[in-house]
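Now for the letters of each chain:
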Protein chains: 2
Amino acid sequence: MLRQLRPQSLRSPSRLVAACTRAYSIQANAASTVKLQDIDPSKLSILETTTPKELVPPTELVFGRTFTDHMLSLEWTASSGWLAPRITPYQNLSLDPASCVFHYAFECFEGMKAYKDTSGKVRLFRPTKNMERMNKSSARIALPTFDGAAMIELIAKFAALEKRFIPDARGYSLYLRPTMIGTQRTLGVGPPGSALLYVIASPVGPYYPTGFKAVSLEATDYAVRAWPGGVGDKKLGANYAPCIVPQLEAAKRGFHQNLWLFGDEEFVTEVGTMNMFVAIKNKETGQKELVTAPLDGTILEGVTRDSVLSLAREKLAPEGWIISERKYTMPELFEASKEGRLLEAFGAGTAAVVSPVRNISWKGNLVECGLRPDQEAGEVAQKMLDWISARQYGDEEHEWSYVVPGQ
Amino acid sequence: MLRQLRPQSLRSPSRLVAACTRAYSIQANAASTVKLQDIDPSKLSILETTTPKELVPPTELVFGRTFTDHMLSLEWTASSGWLAPRITPYQNLSLDPASCVFHYAFECFEGMKAYKDTSGKVRLFRPTKNMERMNKSSARIALPTFDGAAMIELIAKFAALEKRFIPDARGYSLYLRPTMIGTQRTLGVGPPGSALLYVIASPVGPYYPTGFKAVSLEATDYAVRAWPGGVGDKKLGANYAPCIVPQLEAAKRGFHQNLWLFGDEEFVTEVGTMNMFVAIKNKETGQKELVTAPLDGTILEGVTRDSVLSLAREKLAPEGWIISERKYTMPELFEASKEGRLLEAFGAGTAAVVSPVRNISWKGNLVECGLRPDQEAGEVAQKMLDWISARQYGDEEHEWSYVVPGQ
């Protein structure tokens, strides 16, 4: 009853990456044998609005609620590849109700910001990281990939066009939301034959306008965000809608966010929609350690996470800190907290940069995370915000900051 | 450093259900203290098309590619609840590019069919099950719930209006796709303040126009579809896009579908986007057993799955079959196949009803699933198709068949 086939390789993340790459090739090849067009910034057309919006006063800005005058759009088809990019007035999308984005969540996105430096120049922050991640996200769900450098060129032009929306004050920026959706108009579950990549922009104010405000978390023990072999490390829409109920539950009991755990060991993974960092003093040696969960497929590859780790290795390690990407558990934090060795904890993400954590509700205990009652941020969180901001706003010239050309 | 809080209940699926229900109440309550409107079929308005479509010849129908003249739509807002239902000509949706459905996969759907019986009456099949499941799906992602009976009344009216699209031949039907999407136009990750529930319809032919065609599967060992505490038991868009790459990978190696496994034990869970059934002869007693995986939170609660189980208990159990919802593994199937005890295997879903499986590629072996080379379906699969079809088309009068009133 059995017939021998070639041996299969074992479970491995690299095998999935290879599978994704191959899948995209299949898709492209199936549609056409000619070379598909990649994104070509030289073909950009710009149709400027004739009814510019009135600016919202900076202090009234709410994250992602108001948008700029224009949007950047690129269509893709399996037979032609990427068509000519267009900047047009911000406008509704008109989509067939059978479009696969509405049924099977063919969608991924990025969150990035444009900053205005003291000389008035618009700068992006590590856009290469966002484009790399977006390509990984899209490949994982059989959406097309693209030339990241070409896309950065277009995003830079778009951000420069919308410069007037960025208030001239520290802490303000233009939140950019590259989004890719599958637009095929059939209900069969298969790789989309067409897609739309678009970028919209929303001016945003400082996350903590009156200084840090430490948050209280509730550890979620009845729902799981991500798992090995799943898609929790990709920035897919699919990872977000299921997060709302646990957030609402935490809010109902007076907590600001929920904390995602994994497995019987209760590994700490992410906080709400941010990566999580903790600073712990070693029980034996007293040495300080900055810890975040490793990229094992269940953790989003956060750009801010990467920036925090890089800065920690550059500036904290020489002071004697150990910088660790390793698994850590709630019992470990509980013990460290009891013994006064949990120095601080914070979330890291594009919106807040860092978000200090006051305490974590877990198994009937409130695990305090090292802040005094009158203190809203730990030393590392404060330093990270300062260090990262300095590079975002160009106070410190650094390769992470991409100055939009032609200004 | 610690403060005692109330004890938390342990991990349990019922706790998550309760959490979802509560979350929805929070959302509704937050928006308004007045009682929100539920769906009211008496408020239905119908705007008929002035340009009826030409019918596609039945033999040229492709699943989910062509649609009927109209669509049914209901808007929901957090402040008012469900607004008046509308049947309008089939038309594009016009949505703000910031709409939360594009970014965070606020979307869930159902798959159901309308059949024409021998007297020409339109019938739905177990629509209550679909509405129950859709309410569970929507609650899990903080979308609104609704009165299922009221929605069935509307879907029935819509199906009756589109009657001319259902060919007068056995095996044909009208595939109905209720879909709910979040339409809030902001990028903050939170419960949508507005939503759209719509139903589109696509005439479909028999899945196997020339009789069954058994499929070959590839067991996927590098990606995992669902996890306990995740959302794999809900009909969310989020569960579908991540399935494509493993399907394309299987197809590349000549297999029709992939088979999803779970855990180190290699539990068999689902096949592509269908539930999976196997018939095994007991090693000791020789007794026949029909097995499918239990609803442990990782398995979609298929309506066809439930129909197969009910019919098996009604008709196969009296013949001495054991009907089991239990976990089973690839090693168990491998051993049963080697020993000639794996009688048959099939997928179960709305599109195909049953889809017989010839073999499964697993760890370098091709596990044969009990079919002779000249045989395309096992005995149970054939009987199930006949039994279920008889109730779908009203040959057998049964409570599962809902005759659209007023015909």
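What counts and what doesn't
- Residues numbered from 1 in each chain as written.
- Chains lettered and ligands numbered in written order.
- Predicted model: local features only at pLDDT ≥ 70, side-chain atom pairs only at ≥ 80, totals over all residues.
- Heavy atoms only, no water.
- UniProt positions renumbered as here; feature names shortened; annotations may be inferred.
- Disulfide = S-S within 2.5 Å.
- Axes fitted to C-alpha atoms, helices over the stretch in contact; angles between N-to-C directions.
- Helix = DSSP H or I, 4+ residues; strand = E, 2+ residues; numbered from the N terminus.
- Parallel < 35°, antiparallel > 145°, perpendicular 65-115°, else oblique.
- Left-handed = near helix turned anticlockwise from the far one by under 90°.
- Contact = heavy atoms within 4.5 Å.
- Nonpolar A, V, L, I, M, F, W, Y, C, P; charged D, E, K, R; others polar.
- Phe/Tyr/Trp six-rings, centres within 6.5 Å; stacked < 30°, edge-to-face > 60°.
- Buried < 20%, exposed > 50% of the residue type's maximum accessible area, 1.4 Å probe, protein only.
- Lys NZ or Arg CZ within 6 Å of the ring centre and 35° of its normal.
- Buried area = accessible area lost by both parts, 1.4 Å probe.
- Salt bridge = Lys/Arg side-chain N within 4 Å of Asp/Glu carboxyl O.
- Polar contact = N/O pair within 3.5 Å; in protein donor to acceptor, adjacent residues only side chain to side chain.
- Pairing = 2+ DSSP bridges.
- Domains from an automatic or database assignment.
- Least-squares fit on C-alpha atoms with pLDDT ≥ 70 in both.
- Arc of directions from axis to C-beta.
- Lys, Arg positive; Asp, Glu negative; His and termini not counted.
- Expected span 1.5 Å × (residues − 1).
- Core = buried A, V, L, I, M, F, W, Y, C linked by side-chain atoms within 4.5 Å.

- Chain A goes by Branched-chain-amino-acid aminotransferase in an unreviewed UniProt entry, where it is assigned to Phialocephala subalpina.
- On record in UniProt, under Cofactor (unreviewed entry), the comment for chain A is "pyridoxal 5'-phosphate".
- The UniProt entry for chain A carries this comment under Sequence similarities (unreviewed entry): "Belongs to the class-IV pyridoxal-phosphate-dependent aminotransferase family."

### Quick word on the state of the cysteines
Then comes step 1: Applying the stated criterion to the full structure yields zero disulfides over all chains.
Then comes step 2: Cys-100 of chain B forms no disulfide, and the closest cysteine sulfur to it belongs to Cys-108 of chain B, at a distance of 12 Å.

### Examining the packing of helix H3 (residues 127-140) of chain A against helix H4 (residues 148-161) of chain A
What describes two packed helices is the angle between their axes and the distance between those same axes.
All names here are of chain A.
Then comes step 1: Put simply, H3 and H4 touch, their axes get as near as 9 Å, and they point 125° apart. Taken together, the axis directions place H3 and H4 in an arrangement best described as oblique. The crossing of H3 and H4 is right-handed. Each of Pro-127, Thr-128, Met-131 and Asn-135 in H3 lies in contact with H4, whose residues at this interface are Gly-148, Met-151, Ile-152 and Ile-155.
Then comes step 2: For the contact of H3 with H4, a count of residues per class yields five nonpolar, three polar and no charged.

### Some remarks on the packing of aromatic side chains
Then comes step 1: All chains considered together, the criterion is met by 28 aromatic pairs over all chains.
Then comes step 2: Note on Tyr-104 of chain A and Tyr-240 of chain B: the rings are 5.6 Å apart at their centroids and 45° apart in plane angle, and the pair reads as tilted. A residue pair is termed interchain when its members come from two chains, as with Tyr-104 of chain A in helix H2 (residues 100-104) and Tyr-240 of chain B in the loop between strand S12 (215-220) and helix H5 (244-252).
Then comes step 3: Here Tyr-240 of chain B falls in the buried class, since its relative accessible area comes to 6%.
Then comes step 4: An aromatic cluster is defined as three or more aromatic residues linked by ring pairs; in this entry it consists of Trp-227 and Phe-262 of chain A together with Trp-227 and Phe-262 of chain B.
Then comes step 5: Its guanidinium or amino end placed over the ring of Trp-400 of chain A, Arg-391 of chain A lies 4.8 Å from that ring's centre, counting from NZ or CZ.

### Some words on the interface of chain A and chain B
Then comes step 1: Between chain A and chain B, the residue contacts involve 96 residues of the former and 96 residues of the latter.
Then comes step 2: Interface of chain A and chain B: buried area, both sides summed, is about 8500 Å²; carbon and sulfur atoms make up 60% of it.
Then comes step 3: Joining chain A to chain B, the criterion identifies zero salt bridges.
Then comes step 4: Inspection of the chain A/chain B interface yields 29 residue pairs in polar contact (both at pLDDT 80 or more).
Then comes step 5: For the side of chain A that touches chain B, the per-class residue count stands at 53 nonpolar, 23 polar and 20 charged.
Then comes step 6: Here strand S6 (residues 93-95) of chain A pairs with strand S6 (residues 93-95) of chain B via three bridges, running antiparallel. Within the sheet, the bridge partner assigned to Leu-93 of chain A lies in S6 of chain B and is Leu-95 of chain B.

### Considerations on the environment of Asp-38 of chain A
All names here are of chain A.
Then comes step 1: Within the fold, Asp-38 resides in the loop between helix H1 (13-31) and strand S2 (45-46).
Then comes step 2: When its relative accessible area of 35% is taken as the criterion, Asp-38 is described as partly exposed.
Then comes step 3: Separated by 112 residues in sequence, Asp-38 and Ala-150 place their C-alpha atoms 8.7 Å apart.
Then comes step 4: What Asp-38 contacts, discounting residues up to four positions off in sequence, is Trp-82, Phe-146 and Asp-147.

### Some points on the domain arrangement of chain A
Residues and elements named next belong to chain A.
Then comes step 1: For chain A, the assigned domains read domain 1 (41-204) and domain 2 (215-392).
Then comes step 2: Both faces combined, the contact of domain 1 with domain 2 buries some 1900 Å², and carbon together with sulfur accounts for 59% of it.
Then comes step 3: Three residues, Phe-109, Phe-125 and Arg-133, lead the burial of domain 1 against domain 2; their summed loss comes to 32% of the area buried on that side.
Then comes step 4: For Lys-136, the salt bridge goes to Glu-301, with nearest N and O atoms at 2.9 Å.
Then comes step 5: Connecting domain 1 to domain 2 are ten residue pairs in polar contact (both at pLDDT 80 or more).

### With respect to the relation of the copies chain A and chain B
Then comes step 1: Mapping chain A onto chain B calls for a screw motion: a turn of 180° about the axis and a shift of 0.0 Å along it, with 0.0 Å RMSD after fitting. Taken together, the turn and the small shift mark the pair as related by a two-fold rotation axis.
Then comes step 2: When the interface residues of chain A are mapped onto chain B, 98% of them are again interface residues, pointing to one common binding face.

### Quick notes on helix H7 (residues 330-338) of chain A
All names here are of chain A.
Then comes step 1: Of the residues making up H7, those classed as buried are Met-330, Leu-333, Phe-334, Ala-336 and Ser-337. Here the buried residues of H7 occupy an arc of 170° about the axis, which is enough to place them on one side.
Then comes step 2: One side-chain oxygen at the N-terminal end of H7 lies 3.1 Å from the backbone nitrogen of Glu-332; it belongs to Thr-329.
Then comes step 3: Within two residues after H7, Gly-340 carries a phi angle of roughly 70°, on the positive side.

### Some remarks on the pattern of salt bridges
Close approach of charged atoms allows side chains of opposite charge to pair.
Then comes step 1: Under the criterion given, the structure shown has 60 salt bridges over all chains.
Then comes step 2: A salt bridge links Arg-225 of chain B to Glu-270 of chain B, with the shortest nitrogen-to-oxygen separation between them at 3.1 Å. One end of the pair, Arg-225 of chain B, is in the loop between S12 and H5; the other, Glu-270 of chain B, is in strand S14 (residues 267-271), with 45 residues separating them in the sequence. Across the pair, Glu-270 of chain B and Arg-225 of chain B agree in class, each one buried.
Then comes step 3: Beyond isolated ion pairs, a larger network of salt bridges with shared partners links Lys-283, Glu-335, Glu-339 and Arg-341 of chain A.

### Examining the environment of Glu-75 of chain A
Residues and elements named next belong to chain A.
Then comes step 1: With respect to the element layout, Glu-75 can be found in strand S3 (residues 70-77).
Then comes step 2: Sequence spacing of Glu-75 and Leu-197 is 122 residues, and the spatial spacing of their C-alpha atoms is 6.3 Å.
Then comes step 3: Those residues within four positions of Glu-75 in sequence are excluded, and the remaining contacts are Gly-81, Trp-82, Leu-83, Arg-86, Ala-195 and Leu-196.

### Topic: unusual backbone geometry
In terms of backbone geometry, most residues other than glycine have negative phi values and most peptide bonds are trans.
Then comes step 1: Positive phi values are uncommon outside glycine, yet Lys-363 of chain A reaches one of about 50°.
Then comes step 2: Looking at the element boundaries, Lys-363 of chain A is found in the loop between strand S19 (353-362) and strand S20 (365-368).
Then comes step 3: Positive phi outside glycine occurs at Arg-126 of chain B, with the angle close to 50°.
Then comes step 4: When its relative accessible area of 10% is taken as the criterion, Arg-126 of chain B is described as buried.

### Some details on the side chain of Lys-113 of chain A
All names here are of chain A.
Then comes step 1: The topology assignment puts Lys-113 in strand S8 (residues 112-116).
Then comes step 2: Here Lys-113 occupies a buried position and makes no salt bridge, while the nearest side chain of opposite charge, Glu-110, is found at 13 Å.
Then comes step 3: Within the local environment of Lys-113, its side chain forms a polar contact with the backbone oxygen of Thr-350, the two atoms lying 3.1 Å apart.
Then comes step 4: There is a polar contact of 3.1 Å between the side chain of Lys-113 and the backbone oxygen of Ala-351.
Then comes step 5: Residues in contact with Lys-113, not counting those within four places in the same chain, are Arg-123, Leu-124, Phe-125, Ser-173, Leu-174, Tyr-175, Leu-176, Val-204, Thr-350 and Ala-351.

### What about the UniProt feature "modified residue: N6-(pyridoxal phosphate)lysine" (unreviewed entry) in chain A?
Residue and element names in this part refer to chain A.
Then comes step 1: Per the UniProt entry, the sites bearing "modified residue: N6-(pyridoxal phosphate)lysine" (unreviewed entry) are Lys-235 in this numbering.
Then comes step 2: Within the fold, Lys-235 resides in the loop between strand S12 (215-220) and helix H5 (244-252).
Then comes step 3: When neighbours within four sequence positions are excluded, Lys-235 is seen to be in contact with Cys-108, Phe-109, Glu-110, Gly-111, Arg-133, Ser-137, Tyr-240 and Leu-300.

### Quick notes on the pairing of strand S5 (residues 86-89) of chain B
Regular strands place their side chains on alternate faces of the sheet.
Then comes step 1: Looking at chain direction, strand S2 (residues 45-46) of chain B and S5 of chain B are connected through two bridges and run parallel. Within S5 of chain B, the position partnered with Ser-45 of chain B by the bridge is Arg-86 of chain B.

### Some thoughts on helix H6 (residues 303-316) of chain B
Then comes step 1: Taking 1.5 Å of rise per residue, 14 residues should cover 20 Å, and H6 of chain B covers 19 Å from first to last C-alpha, within 8% of that figure.
Then comes step 2: When we look at burial in H6 of chain B, the residues that qualify are Val-303, Thr-304, Arg-305, Ser-307, Val-308, Leu-309, Leu-311, Ala-312 and Leu-316 of chain B.

### Overview of the nonpolar core
Across soluble globular proteins, nonpolar side chains have a tendency to be buried as a group.
Then comes step 1: Counting residues in hydrophobic clusters, the biggest one holds 130 residues, and the most contacted among them are Met-151 of chain A together with Met-151 of chain B.
Then comes step 2: Ignoring any residue separated from it by four or fewer positions in sequence, one finds Met-151 of chain A in contact with Ile-39, Leu-72, Leu-74, Met-131, Phe-146, Leu-197 and Val-199 of chain A.

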